[in-house]
Amino acid sequence: MRRVRIEDLLTDSVCRKHLPRAGVDHSIRVAEIAVDLAEQMGVDPDKAAKAGLLHDIGHGDFTVDGRWNYELYSRGDIHPIKGAERAHELMVLKGEDPEVAREIAFAILFHSGSNAIRPVGDRTPLQALVAMADDGDEEELGQHHLRQIDWAAAVERVRALDRRIDDLLARRNQA
Ligand SMILES: [Fe+2]
Ligand SMILES: [Fe+2]
């Protein structure tokens, strides 16, 4: 039984405030790719989707004149650290299992190649999966952060993702 759904996270004021900086469309797309990869890799699709949706929730604003500025970003960015903490707080607030919230927070902490903090030893499958899902939605010059999506369409996309996760988990429980 899932304690928290992806829709519960997306529609919370914390996501509504912070996700637009890295892009709501990018966040949802990474959650969708994460579920595809979870299916292939045998990883929990619920954890994969949550880590995917929230992986960039720690972003600051690195746009100048409406364009992503990589110099500002590389000098000032700490989004994996801030995102891990912010996502953890949101998930716990929503009622997530603390052990699950921690696992997802660590996957967010280690998702970025430009992060100075690295895991001790190899990345776990969930940590590797989130980094791969993020790479799968990268566009040149940070354009993936700037793609726009209508709010109603965003909610529809995560509802469909929640249904897909329910189906995958139900199938896994039957096996
Ligand atoms: Fe990121
Ligand atoms: Fe990202």
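Above this text is the structure in question.
Residues numbered from 1 in each chain as written. Chains lettered and ligands numbered in written order. Predicted model: local features only at pLDDT ≥ 70, side-chain atom pairs only at ≥ 80, totals over all residues.

A look at the overall build of the protein chain
Summing up its helical and strand segments, the protein chain has nine helices and two strands in all. Along its sequence from the N terminus, the protein chain presents helices and strands in the succession α-α-α-α-β-β-α-α-α-α-α. Scored against the burial criterion, the 175 residues of the protein chain give a buried share of 42%. Counted over contacts in the protein chain with a minimum sequence separation of 6, partners at least 24 positions apart contribute 71%. (Helix = DSSP H or I, 4+ residues; strand = E, 2+ residues; numbered from the N terminus. Buried ≥ 20, exposed ≤ 12 C-beta atoms within 10 Å, placed from the backbone. Contact = placed C-beta atoms within 7 Å.)

Digging into helix α2 (residues 13–22)
Taken residue by residue, α2 has Cys15, His18, Leu19 and Ala22 as its buried positions. The buried residues of α2 occupy an angular sector of 105 degrees when projected down its axis, which confines them to one face. Of the residues in α2, the exposed ones pointing more than 90 degrees away from the buried face are Ser13, Arg16 and Lys17. Buried residues in α2 make contact with α1 (6–10), α3 (24–41) and α6 (79–94). Immediately downstream of α2, the backbone of glycine 23 shows phi near 105 degrees, a positive value. (Arc of directions from axis to C-beta.)

As for unusual backbone geometry
Residues other than glycine predominantly adopt negative phi, and peptide bonds predominantly adopt the trans conformation. Within the chain, aspartate 65 stands out as a residue other than glycine whose phi angle is a positive 50 degrees. As for its placement among the helices and strands, aspartate 65 is situated in the loop between β1 (63–64) and β2 (67–68). Overall, the presence of 5 C-beta atoms within 10 Å leaves aspartate 65 in the exposed class. The phi dihedral of leucine 141 falls on the positive side, at around 55 degrees, and the residue is not glycine. Mapped onto the elements, leucine 141 comes out in the loop between α8 (125–135) and α9 (151–174).

Description of the nonpolar core
Membership of the largest hydrophobic core comes to 41 residues, with the highest contact counts inside it found for Ala34 and Ala48. Secondary-structure elements contributing two or more residues to this core are α1, α2, α3, α4 (45–54), α6, α7 (98–109), α8 and α9. The greatest single-element share of this core, amounting to nine residues, is contributed by α3. With residues near it in sequence (within four places) discarded, alanine 34 still touches Ala48, Ala49, Ala51, Gly52, Leu129, Val130 and Ala133. (Core = buried A, V, L, I, M, F, W, Y, C linked by C-beta atoms within 7 Å.)

Notes on α4
Of all the 10 residues making up α4, 10 are buried; the element is thus mostly covered by neighbouring parts of the structure. Three or more residues of α4 are buried, namely Pro45, Asp46, Lys47, Ala48, Ala49, Lys50, Ala51, Gly52, Leu53 and Leu54. Buried-residue contacts for α4 involve α1, α3, α6, α7, α8 and α9.

A closer look at the environment of leucine 37
Among the secondary structure elements, leucine 37 is positioned in helix α3. Among the residues examined, leucine 37 registers 21 C-beta atoms within 10 Å and is labelled buried. With 12 residues separating them in the primary sequence, leucine 37 and alanine 49 have C-alpha atoms 10.0 Å apart. Beyond its immediate sequence surroundings of up to four residues, leucine 37 is in contact with Ala48, Leu129, Met132 and Ala133.

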